[in-house]
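Here are the chains, one letter per residue:
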Amino acid sequence: MTEVALPRHLLGIAGLDRAAIVELLSLAASFSEVAERPIPKVPALRGKTVATVFFEPSTRTRLSFESAARRLSADTMTFTAATSSVTKGESLRDTVETIEAMGVDALVVRHRAAGAPALVARWVTASVVNAGDGAHEHPTQALLDCYTILEALAPPGAELPGGGDCSGLSIGIVGDVAHSRVARSCALAFEALGAAVTLVGPRTLLPPSLEGWPVAVASDLDAVLGELDVVYLLRLQTERMRQARLPSLEEYRERFGLTEGRARRLRPGALVLHPGPMNRGVEIDASVASEHATLVTRQVRNGVPTRMAVLFRLLGGAR
Ligand code: CP
């Protein structure tokens, strides 16, 4: 495998080119067998410490990073804002400098403010990984999604499923793009691997400007559904909506939900992804979420080797 220069931090897909993405996916593929071992660990990051520093709730991302770090034999530290001195008014800078002073090699940061991980990267000498910042980026989610799509479409046994090539694929990212950090990271990553990306949603749930987004836009899901190889559903982020963007959740489901009826009209072999957590009965019907073509559980499973690849590349491999 050719090694490509990666920066010291992973702050977004925007900082990566195709070669860097493919290299991370190849590493993820090589780490995926670690889970099958009787003792699912390798000594690659022994002696390193990874801190997860989360100012927003998370199930998948935090546990997945901690599992990835442990499988690489790194030590882990867990910080959650709700049970920390942030509740006494401690600043972001004082918080991360305090954590770093205890001796950490990487900080995995989630924050409600876009750009917070980039600020942290200026204050600390440790590597920083963006685990989701506001509506900006969630790069490891996009990487694990690329891996999951390639794995699902490729014949088994390939070193990197599909060779890392998504050209010819038509991917629809459906729903609440305006509040989604996943949408931006996925659009950039899918396009870098050669896919054609269409954002599908009501105008009120699209960002005011799509400058820099390598995408087409559609407002009628039914008009494009039959052309999509991958339907990537976004969570409606009602907690981030400062004003009403939708007449009702029922109307949203009616126009943009992957209902049973729409699932029947998908292309044969079309894949369905969702980053989670899902609003069953809103962006996806409960029965569709449990179907074989829906890759939600595979996405979660692939998060661990993908995050192993990121941590290894930042802390263990050549930069
Ligand atoms: N997809 C995702 O980021 O999920 P969590 O909020 O549970 O980490």
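Here, the structure is the one placed above.
Throughout this description, residue numbers start from 1 for each chain and increase along the sequence as written. Only residues with pLDDT of at least 70 are given local features in this predicted model, and only at 80 or more are side-chain atom pairs given and counted; all residues enter the totals for whole chains, interfaces and linings. With hydrogens and water excluded, all non-hydrogen atoms of the structure serve as input to the side-chain values.

1. A few points about helix α3 (residues 92–101)
Piece 1. Only protein chains enter the area calculation, which uses a 1.4 Å probe; residues under 20% of their type maximum are buried, those over 50% are exposed, and those in between are partly exposed. Think of it this way: any DSSP run of H or I at least four residues long counts as a helix, any run of E at least two long counts as a strand, and we number them from the N terminus. Within α3, burial applies to Leu92, Thr95, Val96, Ile99 and Glu100. Projected down its long axis, α3 carries its buried residues within an arc of 130°, all on one side.
Piece 2. Structurally, α3 contributes buried residues whose contacts are with β1 (49–54), β2 (75–80), β3 (106–111) and α4 (116–123). Starting at the helix axis, one direction is taken to each C-beta atom, and the arc is that of these directions. Here a residue-residue contact requires only that any non-hydrogen atoms of the pair lie within 4.5 Å.

2. A few points about the sheet that holds strand β6 (residues 196–200)
Piece 1. Only strands joined by at least two bridges in the DSSP assignment are considered to pair. Reading across the sheet, the five strands line up as β7-β6-β5-β8-β9 and stay open at both edges, with parallel pairing between neighbours. Each having just a single partner strand, β7 (216–218) and β9 (271–273) make up the two edges of the open sheet. Here the strands of the sheet are splayed against their neighbours by 25° on average, with no regard to which way each runs.
Piece 2. In the packing of helix α5 (residues 139–153) onto the sheet, the strands contacted are β5 (170–174), β8 (230–233) and β9, and the crossing angle to β9 comes to about 160°. Axis definition: a line fitted to C-alpha atoms, over the contacting stretch in the case of helices. Angles run 0 to 180 degrees between N-to-C directions.

3. Overview of the pattern of salt bridges
Piece 1. Definition used for salt bridges: Asp or Glu carboxyl oxygen within 4 Å of a side-chain nitrogen of Lys or Arg. Per the stated rule, a full pass over the model turns up 11 salt bridges.
Piece 2. Here Arg313 ties to Glu23 by a salt bridge, and the two come within 2.6 Å at their closest N and O atoms. Of this pair, Arg313 sits in helix α11 (residues 296–315) while Glu23 is found in helix α1 (residues 18–31), placing the two residues 290 residues apart along the sequence. By the burial criterion, Arg313 is buried, and Glu23 matches it.
Piece 3. Its salt-bridge partner being Glu151, residue Arg298 comes within 3.3 Å of it at the nearest N-O pair. Here Glu151 lies in helix α5 and Arg298 lies in helix α11, a separation of 147 residues in the sequence.

4. Description of the site of the ligand
Piece 1. When we say a residue is near a molecule or strand, we mean one of its heavy atoms is within 4 Å of it. Taken together, Ser58, Thr59, Arg60, Thr61, Arg110, His138, Gln141, Pro275 and Gly276 are the residues near the ligand.
Piece 2. As used in this structure description, the phrase polar contact means that two N or O atoms lie within 3.5 Å; if the pair is within protein, one of them must be able to donate a hydrogen and the other to accept it, and residues adjacent in sequence are counted only when both atoms belong to side chains. One nitrogen or oxygen atom from the main chain of Pro275 is found 2.9 Å from a nitrogen atom belonging to the ligand.
Piece 3. For the ligand, whose unbound accessible area comes to 260 Å², protein coverage reaches 90%.
Piece 4. When each cavity is represented as a set of grid points, the ligand is found to reside in the largest pocket.
Piece 5. Amino acids are sorted into nonpolar (Ala, Val, Leu, Ile, Met, Phe, Trp, Tyr, Cys and Pro), charged (Asp, Glu, Lys and Arg) and polar (every other residue, Gly among them). Residue composition of the shell around the ligand, grouped by class: one nonpolar, six polar and two charged. Methods summary: accessible areas were calculated by the Shrake-Rupley approach with a probe of 1.4 Å, and residue burial reflects only the protein chains presented. Of the grid points, spaced at 1 Å and generated over the protein atoms alone, those admitting a 1.4 Å probe that cannot get out make up cavities, while open sets with protein on both sides within 12 Å along at least five of seven lines make up pockets; any residue with an atom within 4 Å of a point is treated as lining. Pocket or cavity membership: a molecule qualifies when more than half of its atoms sit within 2 Å of the grid points of that site.

5. Focus on the sheet that holds β3
Piece 1. On the basis of which strands lie adjacent, the open sheet formed by four strands has the order β2-β1-β3-β4 and parallel pairing. What marks the edges here is a single partner per strand, and that holds for β2 and β4 (127–133). For this sheet, the mean angle separating the axes of adjacent strands, direction not counted, is 15°.
Piece 2. Sheet topology places β1 next to β3; five bridges connect them, and they run parallel. Note that in β3 the partner of Thr52 across the bridge is Val108.
Piece 3. Along the sheet, α11 contacts β1, β3 and β4; its crossing angle with β4, the most-contacted strand, is approximately 150°.

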